[in-house]
Amino acid sequence: MKYIKPLILFSFLSGLIGVAALVGIYFYIKPDLPSVTVLKDVRLQTPMQIYTKDGKLISQYGVKRRIPVKLEEVPQELIDAILATEDSRFFEHHGIDPIGIMRAAVSLVLTGEKRQGASTLTMQLARGFFLTREKTYIRKIKEIFIALHMEQELSKQDILELYLNKIELGHRAFGFGAAAQVYYGKPLNELSLAQIATIAGLPKAPSVLNPISGPERSVERRRVVLLRMLDEEYITKAQFDEAASAPVTAKKHGAEIEVDAPYLADTIYNEMVEIYGKEEAETGGYQVFATATSELQLAAQRAVVRNLHDYDERHGYKGPLGYLWNIPKSESKDEKIPELSLSFDISNKTSRDDWDNTSIIRVLEEVPHIKPLMPSVVTKVDEQSIDVLSVDGETRTIAWDGLDWARRYITDFRQGSDPKTASDVTQEGAVIYIRQQEAQWRISQIPEVSGAFIALNPENGAVEAVVGGYSFYQSQFNRATQARRQVGSNIKPFVYSAAINSGYTLASIINDAPINQWNAATGVAWRPQNSPAEYDGPIRMRKALGKSKNVVSVRLLRGVGLRETADYLTRFGFNKDDIPLDETVSLGSSSHTPLEVVRGMSVIANGGYLVNPHFISKVLDENGDELWKANPVWACNRCESQSEAEILPEDDEADIEALLAAELNQDIILGDAGGDAGGEEGAQKVIAPQVITAQNAFLVAEMMRTAVRANGNWSKKTYWLGTGWRARNILQRTDIAGKTGTTNDSRDTWFSGFHKDLVATAWVGFDNMGRQLGRATRNQNLINKNPEKFNWIGNALIGTEDGAKAAGPAWIRFMQEALKDKPHTPMPVPEDIVRVRIDRTSGKLTRRTDHTTLFEYFLQGTEPTTYVRDDEVLDPATQDKATAPEPEEIF
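First, a word on scope: everything that follows refers to the structure included in this document.

Definitions and cut-offs
- Residues numbered from 1 in each chain as written.
- Predicted model: local features only at pLDDT ≥ 70, side-chain atom pairs only at ≥ 80, totals over all residues.
- Heavy atoms only, no water.
- Pairing = 2+ DSSP bridges.
- Helix = DSSP H or I, 4+ residues; strand = E, 2+ residues; numbered from the N terminus.
- Axes fitted to C-alpha atoms, helices over the stretch in contact; angles between N-to-C directions.
- Parallel < 35°, antiparallel > 145°, perpendicular 65-115°, else oblique.
- Contact = heavy atoms within 4.5 Å.
- Nonpolar A, V, L, I, M, F, W, Y, C, P; charged D, E, K, R; others polar.
- Buried < 20%, exposed > 50% of the residue type's maximum accessible area, 1.4 Å probe, protein only.
- Core = buried A, V, L, I, M, F, W, Y, C linked by side-chain atoms within 4.5 Å.
- Phe/Tyr/Trp six-rings, centres within 6.5 Å; stacked < 30°, edge-to-face > 60°.
- Lys NZ or Arg CZ within 6 Å of the ring centre and 35° of its normal.

### Description of the sheet that holds strand β19 (residues 626–629)
Taken in spatial order, the five strands make up an open sheet running β2-β1-β3-β18-β19, and their pairing is mixed. Lying at the two open borders of the sheet, with one neighbouring strand each, are β2 (57–61) and β19. Averaged over all pairs of adjacent strands, the angle between their axes in this sheet comes to 15 degrees, without regard to strand direction. Bridge count for strand β3 (residues 287–290) against strand β18 (residues 616–620) is four bridges, and the pairing is antiparallel.

In structure tokens, the structure reads:
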């Protein structure tokens, strides 16, 4: 008895001291304790996702992978696995587990090491949000106090949901929704019990227990999780046995990309970074929807890739990437045998017997894999076919149809003789690329030529497709939005629009004759020439644009005035500083991006309104609530509802992306993340500035229709081809218009054109601006496949490269898909446009109705007033070959 009283007193004092110490520690660390009330409205760091307009994922940006899930969306098996493994008394304690703490304390006393933790789910969550993983006593004490606070502020369900979404689980996956995607490529509700147990075991040590980095340790950890579930009677013994013996099926998965459109995604990503900054853009959980649909975007990408391969193939095969065996010897000092750049030595493997499939594939895995190309090795060469082993382990046979194009490349202007057998093309042991085209495999190579493509909705400037090059993974430079290249004859529709604005008509007669202009200052004569150098003498303006007559464009510029023309071009959105003040501007010496060109073309397509190109249709926050919706300016003649008070002045340079930035930044300042920043259904459409009249736009479009078709009658000798005639022949549509463009020496080639609902521009050239696109000679192998139409489109085109052959096919292939379901819709004729019969040669009124006449459109009041006399009529059917017009010399 005498010891009881002192013992009680000692215990009381010890407890009092302990409480006092605890209170003291609390007040000591209180200044360092964060407020847990922020967790009530916590914003998890979630990557930005970019979608097509129709909701297909294009890309995801952000270091942390997170797919937030609601508690009710989580499979019960996963909740059971986590609770059984990490905190079986979660719903019984108040943030700390005394039993677990005592167990950890006993372990520490017995072993002297901190082997066991006592962290509850709440404590782990506290550490994840506010602390680090360092194993110190002060951190553990802070963790306890924060956990107690959390239990007072949040419900158990809230804590569990935060834990499921916050916890780090390896390979940049944060939260179990992301872990399911990263390791298994599917959502939580599709995981098996074995897979659930695998990811449930990750919180303890995600970097070493994950099934990718440590599959053996992952299996051991999975067994521990399953045993705990069995102990807690969450699963049966049969379920345990099946799951514990299941094979490891994990492999690293990226985001579930549905449409691979990196140039489009990168453009939108850069705009979001410019608005928000990199960190906020990548962690704010924004869901950004493009203006482009998946269908048109993919059509554009296919068109560009196919067109660049067609150009590349008609200029010849540059040979293999290297050799594994049968390595040839140089025939001259200048000849270089290609060698592979590998991380391991293969110099001791010189014959076929040295190579098995595994070692071949190991080499191929180090060859750059750029879609749609597949690295392969030639394993057999027959007379007109080859067998290859590809990087995917498949053996394929490439028939003669996939080899017959591959004559030797000599220069951009010269190709070797047509191959007759497969051995003329390649040999065994060669490392090559192959690709699939129209369900057939063919030998291939990376095109050195570059291309770009962009399509707009002419009504409101929404970008329907953008392609910045052959492959984003080869070059991230977006040539559609960033490359300023000389536009060549693509400038002519705008020059002709200036002429119409100055009183010219489609029937105005211009002298198509050479010009020699002496420059006294330089002592050099400027001699602009047609391409080809053919001259028709007096020619109607419509025909001159259709045949892309250079000297006529110069004469029109002179008629309008140089400065007046330069100023007029700015109406179409071109920067005045980019327009040279000399007569070469009429031939396209100014440099612009494809985006600028297609914007200008949209003015002609939509009836005269300058719309603003934009890539983003709407932005949602991490909860799916709309933050912003595009409210673009519209071409007035397409508006369903118009607000005259909102017509923008002609010099207004409003940019829809700038408006987006302003509105989204305002949301941040005001904290109004859920507000609608405009553009809701039913909102009045803001009218775009009208920069040319509807009549002017219609007349220019009419001339551009002439440029994409065959005109006149062959038997009556009135037949002539527009430079873009292939478009009408292939598409078989009368409701399209377009214009080719080619610069000096074919360094830049263009094709721009439109349907009333879609305008697009294609460009092809080398990134090296000094390199010419060259010339392709006849490949009889390819011509024999389609003798009548070989020169329409594809890899059999011959002659000097120009806008019609190099760039035009990309536009045509895109429009084949884009317009396939659209009915033919003739361009509406505006008011004050009249149509009268004129003489084909003089442009005067005529009373005849034969082949010497045609109907032409005029702005009312500008139509001819005099009739052609009988002695003035020239009947092409009775004319001999015309005499070449005399050059006009100006000194």
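So, next bit.
### Re the packing of helix α10 (residues 215–231) against helix α11 (residues 237–244)
Relative to each other, α10 and α11 sit at 175 degrees, their axes nearing to 10 Å. Taken together, the axes of α10 and α11 lie roughly antiparallel to each other. The residues of α11 that touch α10, namely those facing Arg222, Arg223, Leu226, Leu227 and Leu230, are Lys237, Phe240, Ala243 and Ala244. The residue makeup of the contact of α10 with α11, split by class, is six nonpolar, no polar and three charged.

### With respect to helix α7 (residues 176–184)
Among the nine residues of α7, nine are classified as buried, and the element is accordingly described as predominantly covered. Every buried residue of α7 is listed here: Phe176, Gly177, Ala178, Ala179, Ala180, Gln181, Val182, Tyr183 and Tyr184. Where α7 is buried, its residues contact α2 (76–86), α6 (156–166) and α8 (193–200). One or two steps after α7, the chain reaches Gly185, where phi turns positive at roughly 65 degrees.

### Topic: the environment of Ile432
Of note, Ile432 is situated in strand β8 (residues 430–437). Residue class for Ile432 comes out buried when judged on its relative accessible area of 1%. Those residues within four positions of Ile432 in sequence are excluded, and the remaining contacts are Tyr317, Pro320, Met374, Pro375, Ser376, Val378, Ile386, Val388, Thr426 and Ile443.

### With respect to the nonpolar core
Formed by 80 residues in total, the largest nonpolar core has its most connected members in Leu264, Ile268, Met272, Val288, Ile604 and Phe754. Membership of the second largest hydrophobic core comes to 75 residues, among which are Val305, Tyr323, Ile432 and Ile783.

### Some details on the packing of aromatic side chains
Applying the stated rule across the entire model yields 16 aromatic pairs. Residues Tyr51 and Phe289 carry aromatic rings whose centres are separated by 5.0 Å and whose planes lie at 15 degrees to one another, so their mutual orientation is stacked. On the criterion of sequence distance, the pair formed by Tyr51 in strand β1 (residues 48–51) and Phe289 in strand β3 is long-range, its members being 238 residues apart. Comparing Tyr51 with Phe289 shows no difference in burial state: the two are buried. Aromatic rings pair up to connect Phe494, Tyr568, Phe572 and Phe574 into one cluster. Here the guanidinium or amino end of Arg362 rests over the ring plane of Phe344, the centre of that ring lying 3.8 Å away. Taking NZ or CZ as reference, Lys618 lies 4.9 Å from the ring centre of Phe289, over its face.

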